[in-house]
Amino acid sequence: MTAMPHPTSLRRAPVQQRSAERLSRIIDACAELLDEQGYDELSTRAVATRADVPIGSVYRFFSNKRAMVDALAERNLERYAERVAERLGAIAADDWRGAMDAFLDEYLAMKRTAPGFSLVDFGTQIPVGDPDADPNHRVADTLTDLLAPHLGRTPDPDLRRTFLVAVESADALVRLAFRLDPSGDERIIGEIRQLLRAYLARVLD
């Protein structure tokens, strides 16, 4: 099933399969053009042409290119959560280190392969959307909501704060890894794993 963006980014949510498929094509085209042209050169007309839809179809869902990029970021987070949840199904409940590797591995895989992700990810790298929305809080909440039940832990405020610190730290260091190497410097990534394990061990062991 194709993950649909959160309704807050849409003027109108699709109600039929045909509309949902058209919306998915529009967001796919937005992602491809971000990789090719960057955000500044992105336009709704170019997206409509790439998606092979009338420009009115773009405006049916989105008021402007900022809303399209917001929708892409939301879809990225939904797809990321799906990938992580699938990985967790094969990881023992007491193996929090394996679970954290899954969170990092799936993020790195999307950063390397998902169209538009290297520029947008979950909405943190382009100055679009409400700056107070703080995408890393959404990522940390997603991590907590997925991992806490898996580990048999209560997703209380202390655990959410711990995962928020972990996400913020990993985010900054992943950016460093990809500045040093377009594919992600493996030595820095190794350091990220060690940092996360050392930090989380005091809470999860």
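Reading the values: rules and limits
Sequence positions are assigned chain by chain, starting from 1 and proceeding in written order. Only residues with pLDDT of 70 or above have their local features reported here, since the model is predicted, and side-chain atom pairs are shown and tallied only from 80 upward, although totals for entire chains, interfaces and linings are computed over all residues. Values reported for side chains reflect all heavy atoms of the structure, with hydrogen atoms and water molecules removed beforehand. Residues belong to a common nonpolar core when they are buried Ala, Val, Leu, Ile, Met, Phe, Trp, Tyr or Cys residues joined through side-chain atoms within 4.5 Å. Here's how the labels work: a residue is buried when its accessible area is under 20% of the maximum for its type, exposed when over 50%, partly exposed in between, all with a 1.4 Å probe on protein chains only. Helix numbering and strand numbering both begin at the N terminus, where a helix is a DSSP run of H or I of at least 4 residues and a strand a DSSP run of E of at least 2. Here a residue-residue contact requires only that any non-hydrogen atoms of the pair lie within 4.5 Å. The pLDDT score gives, residue by residue, the confidence of the prediction method on a 0 to 100 scale. When two rings of Phe, Tyr or Trp (its six-membered ring) have centres within 6.5 Å they constitute a pair, described as stacked for plane angles under 30 degrees, edge-to-face for angles over 60, and tilted for the intermediate range. Any Lys NZ or Arg CZ found within 6 Å of a ring centre and within 35 degrees of that ring's normal is scored as a charge over the ring. As a rule, the C-alpha atoms of each element are fitted with a line to give its axis, helices using only the stretch in contact, and angles between N-to-C directions run from 0 to 180 degrees. Throughout this description, any angle smaller than 35 degrees is read as roughly parallel, any larger than 145 degrees as roughly antiparallel, any in the 65 to 115 degree range as roughly perpendicular, and the remainder as oblique. Regarding the arc, it is the one traced by the directions from the helix axis to the C-beta atoms.

### Some details on the nonpolar core
Part 1 of the reasoning: In this structure, Tyr80, Leu147 and Phe163 are the most contacted members of the largest nonpolar core, which totals 39 residues.
Part 2 of the reasoning: Elements supplying a minimum of two residues to this core: α4 (65–88), α5 (96–113), α7 (135–151), α8 (157–180) and α9 (186–204).
Part 3 of the reasoning: Judged by nonpolar contacts, the second largest core, of 25 residues, contains Ala29, Leu33, Ala67 and Leu72.

### Some words on the environment of Leu159
Part 1 of the reasoning: Summarising the element assignment, Leu159 is placed in helix α8.
Part 2 of the reasoning: Linking Leu159 and Leu200, residues 41 residues apart in sequence, is a C-alpha distance of 10.0 Å.
Part 3 of the reasoning: With sequence-adjacent residues up to four places away left out, Leu159 is seen in contact with Thr144, Ala148, Arg153, Thr154, Val203 and Leu204.

### A few points about the confidence of the model for the chain
Part 1 of the reasoning: Put simply, the chain has an average pLDDT of 88, and 89% of its residues get 70 or more.
Part 2 of the reasoning: Confidence drops under pLDDT 50 across residues 1–7; counting only partners more than four residues distant or on other chains, this segment forms 19 contacts.

### Overview of the side chain of Asn136
Part 1 of the reasoning: The topology assignment puts Asn136 in helix α7.
Part 2 of the reasoning: By relative accessible area, Asn136 is classed as buried at 7%.

### Quick notes on the packing of aromatic side chains
Part 1 of the reasoning: With the rule as written, the count across this model stands at seven aromatic pairs.
Part 2 of the reasoning: With 6.4 Å between their ring centres and 55° between their planes, Phe61 and Phe62 make a pair best called tilted.
Part 3 of the reasoning: According to the relative accessible area criterion, Phe61 is buried, its value standing at 1%.
Part 4 of the reasoning: Ring pairs connect the aromatic residues Tyr80, Phe103, Tyr107, Phe117 and Phe122, which therefore count as one cluster.
Part 5 of the reasoning: Directly above the aromatic system of Tyr39 lies the positively charged group of Lys65, at a separation of 4.5 Å from the ring centroid.

### Let's talk about the packing of α8 against α9
The relative placement of two packed helices is expressed as an angle between their axes plus a distance between the axes.
Part 1 of the reasoning: Interhelical geometry of α8 versus α9 gives an angle of 170° and a closest axis separation of 9 Å. In terms of orientation, α8 and α9 fall into the roughly antiparallel class. Taking contact as the criterion, the partners of Leu159, Thr162, Phe163, Val165, Ala166, Ser169, Ala170, Leu173, Val174, Leu176, Ala177 and Leu180 in α8 are, on α9, Ile188, Ile189, Ile192, Leu195, Leu196, Tyr199, Leu200, Arg202, Val203 and Leu204.

### So, the side chain of Thr162
Part 1 of the reasoning: Mapped onto the elements of the fold, Thr162 is located in helix α8.
Part 2 of the reasoning: Residue class for Thr162 comes out buried when judged on its relative accessible area of 8%.
Part 3 of the reasoning: Setting aside chain neighbours within four positions, we find Thr162 in contact with Tyr199, Leu200, Arg202 and Val203.

### Here's the deal with helix α2 (residues 44–51)
Part 1 of the reasoning: Those residues of α2 that fall on the buried side of the exposure criterion are Thr44, Val47, Ala48 and Ala51. Buried residues along α2 cover an arc of 100° about the axis, so they all sit on one side. Exposed residues pointing more than 90 degrees away from the buried face of α2 are listed as Arg45 and Thr49.
Part 2 of the reasoning: Among the structural elements, α1 (17–37), α3 (55–61) and α4 are those in contact with the buried residues of α2.
Part 3 of the reasoning: Where α2 ends, the next residue or the one after it, Asp52, has phi of about 60°, a positive value.

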